[in-house]
Amino acid sequence: MANAASGMAVNNECKMKFLELKAKRNYRFIVFKIEDKTQQVVIEKLGQPNESYADFQKNLPANECRYAVYDLDFTTVENCQKSKIFFFAWCPDSSRVRSKMIYASSKETFKRELEGIQLELQATDVGEMSLDIVKSRAL
C-alpha cells in the first residue's frame, strides 16, 4: 500500500487495475473512492471495455466526490484512431466540504501512483465533463 502525502493510503489493487486498463485495455474506466473508515483509496467500479462514456458518467454520484480514469478512443482530424487516458477529479458542489478537502489534498499524490495518465479534468457537474469537452481536450 502506498502512502499519500496527505496521510491517505492507496490500495495496491488501484495500481494493478489501472495497469490493466492502460496495457491490456481490460477496462474502459475505473471509478475510485476514498474509504472514510480506512482512509485509503479503493476501487468502486470497473467499467467493461464495451461500456460508453454515458455509462461512465452514470457511475459518478451526484453528491459525493470521486477520482476516475477513462480510456477515450477518438479519431483525429487526420482520420487517425487514437486513445488517451483521462484522470477525473469529480467534486460536485453539493458534496460535503470535508470530502472536497480530502479529495483535493490527496489528488496529486494519488495521480502520481497511476503512471500513464495523459490528461486531467476537474469537474463539479456533468456539464463540465461532457463528451464534447473531453474530446476537445484530447485533440
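Above this text you will find the structure in question.
The structure displayed is predicted, hence computed values, not measured ones.

### A closer look at the pairing of strand β4 (residues 40-47)
Here's step 1: Bridge analysis of strand β2 (residues 9-10) against β4 gives two bridges, and the strand direction is parallel. When the sheet's bridge partners are listed, A9 is paired in β4 with Q40.
Here's step 2: Relative to β4, strand β3 (residues 29-35) runs antiparallel, the two being bridged by seven bridges. Bridged to K33 within β4 is V42.
Here's step 3: Here β3 hands over to β4 after four residues, with Q39 in that stretch at a positive phi of 55°.

### Some remarks on the environment of E51
Here's step 1: Along the chain, E51 falls in the loop between β4 and α2 (53-58).
Here's step 2: When the C-alpha atoms of E51 and V69 are compared, they prove to be 13 Å apart, with 18 residues separating the residues in sequence.
Here's step 3: Setting aside residues no more than four positions away along its own chain, E51 makes contact with R28, F29, K45, L46 and Y70.
Here's step 4: Within polar-contact distance, the side chain of E51 engages the backbone nitrogen of Q48 at 2.7 Å.

### Considering unusual backbone geometry
Here's step 1: Backbone geometry at R25 places phi at a positive 60°, although glycine is not the residue there.
Here's step 2: Non-glycine residue Q39 carries a positive phi angle of around 55°.
Here's step 3: With respect to the element layout, Q39 can be found in the loop between β3 and β4.

### Focus on the nonpolar core
Here's step 1: Counting 21 residues, the largest nonpolar core has F32, V41, Y67, V69 and F110 as the members making the most contacts within it.
Here's step 2: Contributions of two or more residues to this core are made by α1 (12-24), β3, β5 (66-75), β6 (81-90) and α3 (97-113).
Here's step 3: In terms of nonpolar packing, the next biggest core, distinct from the first, is built from 18 residues, Y70, F74, A123 and M129 among them.

### Things to note about the packing of aromatic side chains
Here's step 1: Counted by the stated rule, this structure contains 13 aromatic pairs.
Here's step 2: Their ring planes at 15° and their centres at 6.4 Å tell us that F29 and Y70 sit as a pair that is stacked. Of this pair, F29 sits in strand β3 while Y70 sits in strand β5, and the two are 41 residues apart along the sequence.
Here's step 3: What makes F29 buried here is its relative accessible area of 0%.
Here's step 4: Owing to a relative accessible area of 4%, Y70 belongs among the buried residues under this scheme.

What counts and what doesn't
Residues numbered from 1 in each chain as written. Predicted model: local features only at pLDDT ≥ 70, side-chain atom pairs only at ≥ 80, totals over all residues. Heavy atoms only, no water. Pairing = 2+ DSSP bridges. Helix = DSSP H or I, 4+ residues; strand = E, 2+ residues; numbered from the N terminus. Contact = heavy atoms within 4.5 Å. Polar contact = N/O pair within 3.5 Å; in protein donor to acceptor, adjacent residues only side chain to side chain. Core = buried A, V, L, I, M, F, W, Y, C linked by side-chain atoms within 4.5 Å. Buried < 20%, exposed > 50% of the residue type's maximum accessible area, 1.4 Å probe, protein only. Phe/Tyr/Trp six-rings, centres within 6.5 Å; stacked < 30°, edge-to-face > 60°.

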